[in-house]
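Here are the chains, one letter per residue:
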2 protein chains.
Amino acid sequence: MNVFWVFAHPEPRSLNGALRDEGLHILKELGHDIRESDLYAMGWKAVADGDDYAHDPAERLRVGRASQDAYESGALTEDVRAEIDKLTWADVVITQFPLWWASAPAILKGWIDRVFVQGFGYGVKDEAGVVLRYGDGALAGRRAMIITSVGARAAGYSQRGLHGELNEVLYPLQRGTFSYAGMSVLPPLLVAGADRATADDYEAAVAELRERLRTLATAEPIPYRRELGGDYGEDDLLLRPHLARGRTGLDIHRS
Amino acid sequence: MNVFWVFAHPEPRSLNGALRDEGLHILKELGHDIRESDLYAMGWKAVADGDDYAHDPAERLRVGRASQDAYESGALTEDVRAEIDKLTWADVVITQFPLWWASAPAILKGWIDRVFVQGFGYGVKDEAGVVLRYGDGALAGRRAMIITSVGARAAGYSQRGLHGELNEVLYPLQRGTFSYAGMSVLPPLLVAGADRATADDYEAAVAELRERLRTLATAEPIPYRRELGGDYGEDDLLLRPHLARGRTGLDIHRS
């Protein structure tokens, strides 16, 4: 398979950096083709602005419209076009980052903001004008997986843990971004206690990473509902009453 | 009161820009003192790296430790120190941004990543060494409120809406950041259908904004549980079994 690894940690001499190196090595052993974006090493521009779209500053900037125009006319900046190429090439997209403030570091958020432009990441429509998202869209058929590290203990991210259950904390990325853009999302790999990992902890993390990478093609994705699967009202955008009946919470968006 | 408004939209000639102008005008009418950070206008640096901490690149960077050392020695960059001053000065912190990929634009995430350093935003301890977070910490006593715009209809962010319930989508910011750092969080103000707002929609948004700003001091915050309130096991970090009994989901962290 084609595996695209996006790495967003400022320090290669970190636990995350070591796991990235191990991961790429394991993928090669498994016979996969690999491309990588090491965002800090690339000096990735994080802030989406008119410069990304060759936008005339005298005109009012509408980010969606401007990004789609630039995408369709080939006027996006070269760095963004290269990432779109990698995403299109990939069968699997792995994003690896330390969990800062319950979300991705700004450099990775800016990779999403800038690369997932209208007409590619969102605002994609079929010939009948139906919006393709949440399971459909330009990135459908691809798999995404998050690898993230926290200083805290893993228990804090369990079902009733203090920090919130991990999949629900990651909802804006897993559901709101990767699933929105059409990808299937594999369960995340959490590396806990990252700032005090022992040699044994490290070996355990590598073993888990190896297992996850070995099963990239076969692991069961998180069963997020497809928008076009009929589970949501087309007019009111609400989950139909007979599904997850009487329940609320982000978990209702899994079938 | 002292109100600090953080604005993260690339285009002042936008619906968000107009609402920001209205908001600041209303706050002045109400007699509040105001400070503002217009992150795009400031050219805010979004990416946290060793330069923020006068870090020696020859040494391995540990972000937490390096940021705390720089905070305590006064070696943080001037832009970050100015933001810490504003946060410390403020009674209320308003963050306003378009909801991009179910979260804040990278420039605002980078404001959090860079300003909420260890020893200030997290890793704050009392004299007995108890970690102060989730309702306690350096920013305790302050209020936070999010104003965010979406292109979608509001129904998509309601309890069983397609996009996920708004407070749960905003959990990493509201709970994972502002509450973590000690602040009380007021319910968010959602401006929906932002890319097709009519003059009537705009007047309705201004009216709602006015009401929210009028009640900044008196509105009931989201009742997030305090970590030190005894609701969580000190050893296992789990919500105690008798609270929200048998339930899961991010909502269990409200009392």
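Preceding this paragraph is the structure being described.
We now turn to the structure provided with this report. (Residues numbered from 1 in each chain as written. Chains lettered and ligands numbered in written order. Predicted model: local features only at pLDDT ≥ 70, side-chain atom pairs only at ≥ 80, totals over all residues. Heavy atoms only, no water.)

On to the pairing of strand β4 (residues 143–149) of chain A, then. Residues in a regular strand point their side chains to alternate faces of the sheet. Residue and element names in this part refer to chain A. With respect to burial, β4 is a largely interior element, seven of its seven residues being buried. Of the two faces of β4, the one carrying Arg143, Met145, Ile147 and Ser149 and the one carrying Ala144, Ile146 and Thr148 are both buried. Judged from the seven bridges that link them, strand β3 (residues 92–98) and β4 form a sheet pairing that is parallel. Opposite Phe97, over in β4, you have Thr148 as the bridge partner. Viewed along the sheet, the connection from β3 through helix α5 (residues 106–115) into β4 turns out right-handed. As defined by bridge partners, β4 adjoins strand β5 (residues 184–185) across two bridges and the pair is classed as parallel. (Buried < 20%, exposed > 50% of the residue type's maximum accessible area, 1.4 Å probe, protein only. Helix = DSSP H or I, 4+ residues; strand = E, 2+ residues; numbered from the N terminus. Pairing = 2+ DSSP bridges. Right-handed = clockwise from strand over helix to strand, strands pointing away.)

The next subject is the pattern of salt bridges. Residue and element names in this part refer to chain B. Per the counting criterion, the structure on display carries 38 salt bridges over all chains. With its nearest N and O atoms 2.9 Å apart, the salt bridge here joins Asp38 to Arg20. Of this pair, Asp38 sits in strand β2 (residues 33–38) while Arg20 sits in helix α1 (residues 15–29), placing them 18 residues apart in sequence. Judged by its relative accessible area of 15%, Asp38 falls in the buried class. Judged by its relative accessible area of 7%, Arg20 is buried. Asp52 is the salt-bridge partner of Arg114, the closest N and O atoms lying 3.0 Å from each other. Of this pair, Arg114 sits in helix α5 (residues 106–115) while Asp52 sits in the loop between α2 (39–42) and α3 (63–73), placing them 62 residues apart in sequence. (Salt bridge = Lys/Arg side-chain N within 4 Å of Asp/Glu carboxyl O.)

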